[in-house]
Each structure stands twice: as structure tokens, then as C-alpha cells.
Amino acid sequence: MAEKQIERTGEGSTFDDLLLLYLDQVTPAKRAPERDQWSAKALFPIFTGRRLSEIGAVDVRAYIARRRTAGIAPGTINKELGLMSAASNWAKRELEWDISNPWGTRRQKEPAGRNRWLTREEAVRLLKAAAQPTRLMRSPWLLDFIRLGLYSGMRPGEMLGLAWRRVDLKGGSITFETGDQKNGKLGHVPLNREARKAILARARFIAEYCPASPWVFCDRQGERIASVKKGFTACVRDADLVDVHPHDLRRTCGSWLVQAGVGIERVSELLRHSDVAITARVYAHLRPSDLADAIAILDR
């Protein structure tokens with residue numbers, strides 16, 4: 001009876017009540033529910049058993065200090081605070097709980113995002129390293145993964161989770177339905193010559209080893225490739241490159257587009273960003289001449 005009362009009104013609710021309700025009713029529908037689970041694992045030992053009415057700004061600041069002392073990155077701390085802020089707002093809005101939200105205004109300043117992208121020469125070296133016979137035997141999907149990333153701008157997770165039903169070779173595109181991509185919207189990725197080459201290579205591999213597999217990136221048994229991190233890292237090392245991660249392939253695609261003169265708005269559409277401001281923040285600096293051209297208009 002007491003549990004039902006808490007769920008209905010929030011009266012006397014504890015940290016555990018709120019977190020477990022949110023994880024049960026909201027988290028499963030998220031695109032990456034494991035992120036909430038990781039955050040909950042960090043928060044739970046510190047706040048378990050405490051009433052929400054007893055958790056205030058002082059407690060949250062103490063938690064932040066504890067995590068920073070442990071060497072936890074600001075971005076990770078922000079995700080942990082974000083979980084509880086979202087849970088508090090959800091409980092207030094959907095459950096009509098009369099609770100405060102001491103988590104929502106404690107966001108930590110995060111370092112500037114990565115700006116690593118590959119030059120054309122570096123990309124050639126990476127592709128050559130992936131094409132070595134021994135690596136093709138050990139990781140036959142890696143060359144196609146790198147090529148598709150460089151020439152389509154797809155996210156690593158999108159490529160590894162790509163099913164053949166999304167691929168339209170005749171129409172030359174890959175289609176994402178609602179919930180398939182980060183922005184949660186419908187989307188299309190046009191396939192240029194190099195991206196198409198990667199897809200066709202995957203098709204030949206699957207036709208030979210595992211014709212029934214629904215996955216574009218799979219092993220010889222047809223099982224989906226869960227991670228390319230180990231093979232990619234070795235490939236980067238063999239190519240004599242420094243500080244290159246799988247997501248940098250996407251950033252390289254965007255950088256090449258901007259340097260080739262493609263407008264920020266079109267690059268934003270091709271990369272399927274939720275807001276053109278995101279694209280501008282990451283790539284606009286690659287075309288400083290745009291500003292000179294713009295101000296020169298006043299001289300006419």
C-alpha cells in the first residue's frame with residue numbers, strides 16, 4: 001500500500017523510488033538505455049536509501065567533487081546529473097510529484113570537442129593498412145567499414161547496426177527510419193562511388209560465407225560485428241597515424257565536403273545533424289575565406 005502511495009503522490013519518496021521508476025518506465029524506450037544504466041550504477045551507492053526531500057544542492061555539489069577527485073570526466077558527470085534531472089522533471093510532469101530538482105543547474109564545463117580528421121594522404125595510408133592480406137583474413141570487414149565511414153559520413157554505430165533492408169543499391173542510398181539514428185528522425189544517406197564500392201564488397205563477402213545474414217557488417221558466421229575498436233586501433237598503428245578513432249571517419253567526410261566548397265547547410269543535411277549550428281561549430285573554421293568573401297561584398 002505504501003509503495004502505491006509513493007508512486008501516486010511522491011510523498012516520502014526516496015532516491016531509489018525515483019530512479020527505479022524512471023529506469024523501468026522511461027529508460028527502455030531510449031535509443032541508448034545503457035547510458036542511463038551506467039549513470040545509475042555510479043549514483044546508486046552514494047544516494048541509495050535517502051529521501052528526495054533530503055537531497056539538496058550541497059549534496060549534489062559534494063557528489064560532483066567526489067567524482068572529479070576520482071578522475072571522472074566532466075562529460076560523464078554531466079550524464080549522471082542529467083539522468084537525475086530528467087528523472088525529477090519526468091516525475092514532476094508525468095506523476096505530479098511535488099519534488100525539487102537540485103541536479104539540473106550543476107552542469108560541468110566540458111573540454112572542446114575533438115577536431116581530428118584525416119588528410120587525403122592519411123586516409124590512403126589507413127585504407128592500405130586495412131587492405132593488407134593478413135588483416136583482410138583476420139578482419140575482412142574493416143576495409144569496408146573505413147571506406148564507408150570516409151565516403152558516407154555514417155556514424156560507427158550506424159554502420160555496425162546496418163541491415164540489408166536499409167540498403168537500396170539500385171536507388172543508391174541507405175534509409176534510416178524513426179529511431180534508427182541519433183536525431184531520431186527519418187534519414188537518407190546517398191551512396192557515392194566509394195561508399196557503393198564498400199557496400200558491394202560486403203555483399204560479395206556475405207554471398208560467399210553467410211547468405212542468410214541480415215547484417216551488412218558481419219563475420220563469416222553471419223553474426224553482427226559488435227566492435228571494430230581493436231582492429232581499427234591496430235590499423236591506425238600500422239598506418240603510422242596518431243590519435244585516430246572510428247568516429248573521426250565521419251568527421252573526415254564532413255571536413256572534406258566543407259573544404260571542397262559544399263555549403264554548411266548541405267553538409268548538415270548529408271551528415272543528418274539535428275541542427276545546422278552543430279555543423280557550423282565543428283566545420284565552419286575549415287573555410288575562413290568565407291568570412292573574407294562575405295565582408296568583401298561591402299566593397300562592391
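Shown above is the structure to which this text applies.
Residues numbered from 1 in each chain as written. Predicted model: local features only at pLDDT ≥ 70, side-chain atom pairs only at ≥ 80, totals over all residues. Heavy atoms only, no water.

## Examining the pattern of salt bridges
Two side chains of opposite charge can pair, provided their charged atoms sit close to one another.
Here comes step 1: What the rule picks out here adds up to 14 salt bridges.
Here comes step 2: D238 serves as the salt-bridge partner of R135, at 2.7 Å between the closest nitrogen and oxygen. A residue pair is termed long-range when its members are at least 10 positions apart, and R135 in helix α7 (residues 133–138) and D238 in helix α11 (residues 229–238) qualify at 103 residues.
Here comes step 3: A relative accessible area of 5% places R135 in the buried class.
Here comes step 4: Take D238: its relative accessible area is 47%, and that puts it in the partly exposed class. (Salt bridge = Lys/Arg side-chain N within 4 Å of Asp/Glu carboxyl O. Helix = DSSP H or I, 4+ residues; strand = E, 2+ residues; numbered from the N terminus. Buried < 20%, exposed > 50% of the residue type's maximum accessible area, 1.4 Å probe, protein only.)

## Comments concerning the sheet that holds strand β2 (residues 173–176)
Here comes step 1: The strand order across the open sheet built from three strands is β1-β2-β3, with neighbouring strands paired in antiparallel fashion. Each edge of the open sheet carries a strand with a single partner, namely β1 (167–168) and β3 (187–190).
Here comes step 2: The sheet contact formed by β1 and β2 spans two bridges and is antiparallel. Bridge pairing links V167 to I174 in β2. (Pairing = 2+ DSSP bridges.)

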